[in-house]
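# Remarks on the overall topology
Each chain is listed here by its residues.
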Amino acid sequence: MFADRATIYIRSGKGGDGHVSFRREKYVPDGGPDGGDGGKGGDVIFEVDEGQNTLGDYRHKRKYKAEDGQEGGKKRCHGADGADIILKVPEGTVIMEAESRKVIADMSGENRRQVVLRGGRGGKGNQHYATPTMQVPKYAQPGQPFQELEVLLELKVIADVGLVGFPNVGKSTFLSRVTNAKPKIANYHFTTLSPNLGVVDTENGGFIIADIPGLIEGASEGVGLGHEFLRHIERTRVLVHIVDAASTEGRDPIDDIYKITKELEKYNPEIAKRPQVIAANKVDCIFDDGQENPVDRLRKEFEPKGIKVYPISAVTGQGVRELLFHIKELLDSCPKKAIVFEQEFFPEDMLINESLPFTVQVDEEDPSVFIVEGPRIEKMLGYTNLDSEKGFAFFQRFLKEGGILDELKNAGIQEGDTVRMYGFEFDYYK
């Protein structure tokens with residue numbers, strides 16, 4: 001089976017605990033605390049692998065964990081950082097949160113590598129907690145816990161043009177005619193069980209074309225194979241409806257196009273709005289029986305709506321060149337920007353919704369300084385890189401949506417006052 005979907009469990013590494021120890025050496029009477037910091041936990045990273053074209057590697061192994069950070073040691077030794085885990089996926093893979101199906105990352109376009117879950121920060125050793133009044137601290141900071149998530153991986157093939165139509169209308173034969181692809185071709189329904197890609201070269205330039213398995217009525221509800229592969233049409237910029245103009249199986253080509261369009265609209269209305277062209281295939285099988293030519297019927301029905309009809313024969317090659325030139329013209333008139341799905345789910349948002357405690361206190365020595373502490377703040381700082389633009393934007397959202405700003409206001413904070421969080425300080429302004 002073509003593996004274009006997989007559900008896996010991912011977990012980042014836990015931060016190593018800080019160490020509690022004291023320097024005891026001969027001739028060193030005041031050694032003091034020397035417990036080292038714990039190492040950072042490993043990240044879960046997704047990376048595009050040009051050599052992969054399916055998600056088959058994730059069908060059999062479902063759990064992936066980054067390495068935990070090591071505990072700190074004596075003599076201020078820092079614990080080793082946990083190794084990252086890098087998951088290779090084919091280009092076009094969309095990573096979604098499994099339950100909500102919201103997009104976390106789209107491994108397409110310029111996005112070749114993305115950290116999805118960050119490892120926990122290592123805890124501080126007891127060397128950091130020595131003060132004039134507490135010279136023998138017997139405690140250290142535990143490492144930040146790991147993050148975990150169940151994600152759905154979906155491969156949406158990257159092609160400029162998608163071939164759509166009922167089974168057995170000649171899509172695979174057309175693909176084999178215009179590209180070097182070698183799809184399986186036979187005279188029965190659902191010959192194509194997985195999307196096939198091919199590169200078309202014309203005098204005006206090339207493009208990638210995808211043969212999508214045949215759709216049938218009800219495909220958007222999961223009938224037949226269509227529902228499984230409709231996702232592969234999502235990135236295409238132009239759709240080519242291939243119909244059996246000769247009605248060799250007794251179906252009406254006009255009715256076929258309306259049914260396919262209806263399934264596309266049900267699945268995703270945006271897809272149905274993209275530029276389309278009709279390839280009236282099997283014209284070599286049309287015989288003059290005194291009735292209206294089916295190609296003329298198709299033209300009367302669809303060309304007033306702006307959809308061109310091209311009579312072709314995928315077997316003999318008749319009309320194929322003209323069709324390819326028109327497809328290239330449609331592509332040139334479309335935006336060339338790759339279709340990349342925007343991020344909708346942010347794993348760090350799970351920190352905002354956690355009900356961990358925190359406190360807001362006014363510094364006894366300086367009433368313009370407000371100290372915010374607690375497990376909730378510690379955990380947020382353990383996963384957030386405040387030096388990055390994205391990390392700082394999340395930090396601001398965390399303060400607002402996590403209720404911290406409301407608590408500061410209740411405590412009487414004024415503009416220009418200072419907020420201190422475990423060594424991190426910033427001035428408060430509305």
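Here the residue index of a chain counts from 1 through its sequence in written order. At least 70 in pLDDT is required for a residue's local features to be given in this predicted model, at least 80 for side-chain atom pairs to be given and counted, and no such filter applies to totals for whole chains, interfaces and linings, which use all residues. To obtain the side-chain values, all non-hydrogen atoms of the structure were used and water was disregarded.

### So, the packing of helix H3 (residues 253-267) against helix H5 (residues 294-302)
This is how the line gets drawn: Axis angles are defined between N-to-C directions and span 0 to 180 degrees, where every axis is a line fitted to C-alpha atoms and, for a helix, only to the segment in contact. Strands here are runs of E lasting at least two residues and helices are runs of H or I lasting at least four, both read from the DSSP assignment and numbered beginning at the N terminus. These descriptions rest on fixed angle ranges, namely under 35 degrees for roughly parallel, over 145 for roughly antiparallel, 65 to 115 for roughly perpendicular, and the rest for oblique. A contact between two residues is defined here by any heavy atoms of the two lying within 4.5 Å. Three categories are distinguished: nonpolar for Ala, Val, Leu, Ile, Met, Phe, Trp, Tyr, Cys and Pro, charged for Asp, Glu, Lys and Arg, and polar for the others, with Gly belonging to the last.
Between H3 and H5, whose axes approach to 10 Å, the crossing angle comes to 40 degrees. Taken together, the axes of H3 and H5 lie oblique to each other. Taking contact as the criterion, the partners of Pro-253, Ile-254, Ile-257 and Tyr-258 in H3 are, on H5, Arg-297, Leu-298, Glu-301 and Phe-302. Its residues assigned to classes, the contact of H3 with H5 shows six nonpolar, no polar and two charged.

### Focus on the sheet that holds strand S16 (residues 369-373)
What counts is decided by this rule: We call two strands paired when DSSP finds no fewer than two bridges between them.
Pairing is mixed in the open sheet, where four strands are placed in the order S15-S16-S17-S18. What marks the edges here is a single partner per strand, and that holds for strand S15 (359-362) and strand S18 (424-427). For this sheet, the mean inter-axis angle between neighbouring strands, taken without regard to orientation, is 25 degrees. In this structure, strand S17 (residues 418-421) lies alongside S18, joined through four bridges in antiparallel fashion. Bridged to Thr-418 within S18 is Asp-427.

### Some details on the pattern of salt bridges
A side chain with one charge can pair with a side chain of the opposite charge if their charged atoms come near. For clarity, the threshold we go by: In the sections that follow, a salt bridge refers to a side-chain nitrogen of Lys or Arg positioned within 4 Å of a carboxyl oxygen of Asp or Glu. In this scheme, a residue with accessible area under 20% of its type's maximum is buried, one over 50% is exposed, and one in between is partly exposed, where area comes from a 1.4 Å probe on protein chains only.
A complete count under the given rule lists 19 salt bridges for this structure. Residue Asp-160 pairs with Arg-237 through a salt bridge whose shortest N-O separation is 3.3 Å. Note that Asp-160 is positioned in the loop between strand S8 (148-155) and strand S9 (161-164) and Arg-237 in the loop between helix H2 (226-229) and strand S12 (238-244), a separation of 77 residues in sequence. In terms of burial, Asp-160 and Arg-237 fall into one category: buried. Several salt bridges share partner residues, and in doing so they unite Arg-5, Arg-101 and Glu-154 into one network.

### Focus: the side chain of Asp-37
Put simply, the rule is: The charge count includes Lys and Arg as positive and Asp and Glu as negative, but it does not include His or the ends of the chains. Pairs of N or O atoms within 3.5 Å make up the polar contacts considered here, provided that, within protein, one atom can donate a hydrogen while the other can accept it, and that residues adjacent in sequence are counted only when both atoms are side-chain atoms.
Mapping Asp-37 onto the fold places it in the loop between strand S1 (5-11) and strand S2 (44-48). Put simply, Asp-37 is tucked away with no salt bridge, and the nearest opposite charge, on Lys-124, sits 7.1 Å away. Looking at Asp-37, its side chain comes within polar contact range of the side chain of His-128, at 2.9 Å. Residues contacting Asp-37, with those up to four places away along its chain left out, are Gly-72, Cys-77, His-78, Gly-79, Gly-123, Lys-124, Gly-125, Gln-127 and His-128.

### Observations regarding the nonpolar core
Convention followed: Throughout this description, the term nonpolar core refers to a set of buried Ala, Val, Leu, Ile, Met, Phe, Trp, Tyr and Cys residues connected via side-chain atoms within 4.5 Å.
In this structure, Phe-174 and Ile-327 are the most contacted members of the largest nonpolar core, which totals 36 residues. For this core, the secondary-structure elements that each account for two or more residues are S9, helix H1 (171-178), strand S11 (205-211), S12, H3, helix H4 (269-272), strand S13 (276-281) and helix H6 (320-333). A per-element tally of this core places H6 first, with six residues. Setting aside anything within four residues of it in sequence, one finds Phe-174 in contact with Leu-163, Ile-209, Ile-242, Ile-312, Ala-314, Val-320, Leu-323 and Leu-324. Listed in part, the 24 residues of the second largest apolar core include Ile-8, Phe-46, Ala-105 and Leu-155.

### A closer look at the packing of aromatic side chains
Applicable threshold: Pairs were defined over the aromatic rings of Phe, Tyr and Trp, the Trp ring being its six-membered one, requiring ring centres within 6.5 Å. Orientation was assigned from the angle between planes: stacked under 30 degrees, edge-to-face over 60, tilted for the rest.
Throughout the structure, instances matching the rule amount to two aromatic pairs. Arranged with centres 5.3 Å apart and planes meeting at 45 degrees, the rings of Tyr-258 and Phe-302 form a pair that is tilted. Of this pair, Tyr-258 sits in helix H3 while Phe-302 sits in helix H5, and the two are 44 residues apart along the sequence. On the basis of relative accessible area, Tyr-258 is assigned to the partly exposed category, the value being 35%.

### Brief notes about H3
The test is simple: What a helix should span is 1.5 Å times the count of its residues minus one.
For H3, which comprises 15 residues, the first-to-last C-alpha distance of 21 Å matches the rise-based estimate of 21 Å (1.5 Å per residue) to within 8%. Within the sequence span of H3, burial applies to Pro-253, Ile-254, Asp-256, Ile-257, Ile-260, Thr-261, Glu-263 and Leu-264. On its buried face, H3 sits against S9, S12, H4, S13 and H5.

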